[in-house]
Amino acid sequence: QINVSQILQNNNGNIIISTFGEGLFILKNDQILNIRKDDGIISDHIRQILCDKNNNLWLATKKGISKVSMSENKNEFFNITSKNGLSFENINCLEHDSEGNLWLGTDGKGLLKFAGESFENYTTRDGLSNDIVMSVMEDADKNILFSTYGGGVCKYDVAKKGSISLFLSNIN
């Protein structure tokens, strides 16, 4: 049995399936392509996939992140780990915002923001309710919302120059 972590459809209509142990499956024109660590991704244990506006796939794993650029002729892989600037490799989730930043939710070291040159780290010292970040999204006002393990939902408020506060902690 395959442990599927996520399913999405990319901009070309292909179905992308990430797994925890079997890598990535791409269903394209009635064919199935399996991309694994041996092909170039950082790990076969993928927690989340993200398709950006250029149809690149971003993979969140326990060993860092992989960017997969697919074309008709070949696939190109770029892995981001501690060797090239990632301060913590155990990544739960990722999201691109409308400004082009890449947000990474970690499994114990808070939230990482990549603005093109370096990573900024936000933790409980900065207002996070928990350093285990499970999901990230951008709202209509361009604030970044993120769920934390046992700590509710926090908000990175762009109007307040990036202050982080608890947004939702209890639903009754």
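For the structure, see preceding data.
Definitions and limits used
Residues numbered from 1 in each chain as written. Predicted model: local features only at pLDDT ≥ 70, side-chain atom pairs only at ≥ 80, totals over all residues. Heavy atoms only, no water. Salt bridge = Lys/Arg side-chain N within 4 Å of Asp/Glu carboxyl O. Buried < 20%, exposed > 50% of the residue type's maximum accessible area, 1.4 Å probe, protein only. Helix = DSSP H or I, 4+ residues; strand = E, 2+ residues; numbered from the N terminus. Pairing = 2+ DSSP bridges. 1 Å grid on protein atoms, 1.4 Å probe; cavity = no way out; pocket = protein on both sides within 12 Å on 5 of 7 lines; lining within 4 Å. Points joined across faces, edges and corners; volume = space filled by probe spheres on them. Nonpolar A, V, L, I, M, F, W, Y, C, P; charged D, E, K, R; others polar. Phe/Tyr/Trp six-rings, centres within 6.5 Å; stacked < 30°, edge-to-face > 60°. Axes fitted to C-alpha atoms, helices over the stretch in contact; angles between N-to-C directions. Patch = residues over 30% accessible without salt bridge, like charges linked within 9 Å, V, L, I, M, F, W, Y side chains within 5 Å. Areas by Shrake-Rupley, 256 points an atom, 1.4 Å probe, with all protein chains shown as cover.

Q: What is the right way to look at the pattern of salt bridges in this model?
A: One side chain can pair with another of opposite charge once the charged atoms of both are near each other. Evaluated as defined, the whole model comprises six salt bridges. The salt bridge involving Lys-74 is made with Glu-76; its shortest N-O contact spans 3.6 Å. Here the salt bridges share partners, and the residues they tie into one network are Glu-22, Arg-36 and Asp-44.

Q: What is the right way to look at the pairing of strand β2 (residues 15–19) in this model?
A: Side-chain positions along a regular strand alternate between the two faces of the sheet. Most of β2 is tucked away: four of the five residues are buried. When strand β1 (residues 4–9) meets β2, the two strands line up antiparallel, connected through five bridges. Paired with Val-4 across the strands is Thr-19, a residue of β2. Turn length for the β1-β2 hairpin, with the two strands adjacent in sequence and antiparallel, is five residues, and the turn residue Gly-13 shows positive phi of about 90°. Counting the residues in the hairpin turn of β2 and strand β3 (residues 24–28) gives four residues, including Gly-21, whose phi is positive at 135°.

Q: Hey, could you run me through the layout of surface pockets in this one?
A: If a probe the size of a water molecule is rolled over the atoms, the empty space left behind becomes visible. Computed from the structure, the largest pocket encloses a volume of approximately 360 Å³. When residues of the lining of the largest pocket are assigned to their parent elements, the largest contribution, three residues, is made by strand β4 (residues 31–35). Residue composition of the lining of the largest pocket, grouped by class: four nonpolar, eleven polar and three charged. For the second largest pocket, the calculated volume is near 290 Å³. Along its surface, the second largest pocket is lined by 15 residues, and Asp-52, Lys-53, His-96, Asp-97 and Gly-100 are the ones closest to its centre.

Q: Hey, could you run me through the packing of aromatic side chains in this one?
A: By convention here, two paired aromatic rings are described through the distance between centres and the angle between planes. One pass over the structure, following the stated rule, counts four aromatic pairs. Taken together, a centroid distance of 4.8 Å and an interplanar angle of 65° make the contact between Trp-103 and Tyr-156 edge-to-face. Taken together, the positions of Trp-103 in strand β10 (residues 102–106) and Tyr-156 in strand β15 (residues 152–157) put the pair 53 residues apart, joining distant regions of the chain. As far as the burial class goes, Trp-103 and Tyr-156 line up, both buried. Cluster of aromatic residues (ring-pair linked, three or more members): Trp-103, Tyr-122 and Tyr-156.

Q: What exactly am I supposed to notice about the sheet that holds strand β7 (residues 64–70) here?
A: Consider a sheet: its strands pair through backbone hydrogen bonds, and that pairing is either parallel or antiparallel. Spatial ordering of the open sheet is given by β5-β6-β7-β8, a layout of four strands whose pairing is antiparallel. Each of the sheet's edge strands pairs with one partner strand only, and the pair in question is β5 (46–51) and β8 (75–80). Averaged over all adjacent pairs, the angle separating strand axes in this sheet is 20°, with direction ignored. Here five bridges tie β5 to strand β6 (residues 57–61), and the two strands are oriented antiparallel to one another.

Q: How should a nonpolar patch on the surface be read in this particular structure?
A: Taken together, Ile-2, Val-4 and Ile-7 make up a surface patch of nonpolar side chains, about 280 Å² in accessible area. Inspection of the secondary structure puts Ile-2 in the segment before β1.

Q: Is there a simple way to explain the sheet that holds strand β12 (residues 119–122) in this structure?
A: Pairing within the open sheet is antiparallel, and its four strands lie in the order β9-β10-β11-β12. For this open sheet the edge positions go to β9 (91–96) and β12, each flanked by a neighbour on one side alone. Each neighbouring strand pair of the sheet contributes to a mean axis angle of 20°, computed without reference to strand direction. Bridge count between strand β11 (residues 111–114) and β12: four bridges; the pairing is antiparallel. In the strand pairing of β12, Lys-113 is matched with Glu-120.

Any functional reading would require information that these geometric values do not contain.
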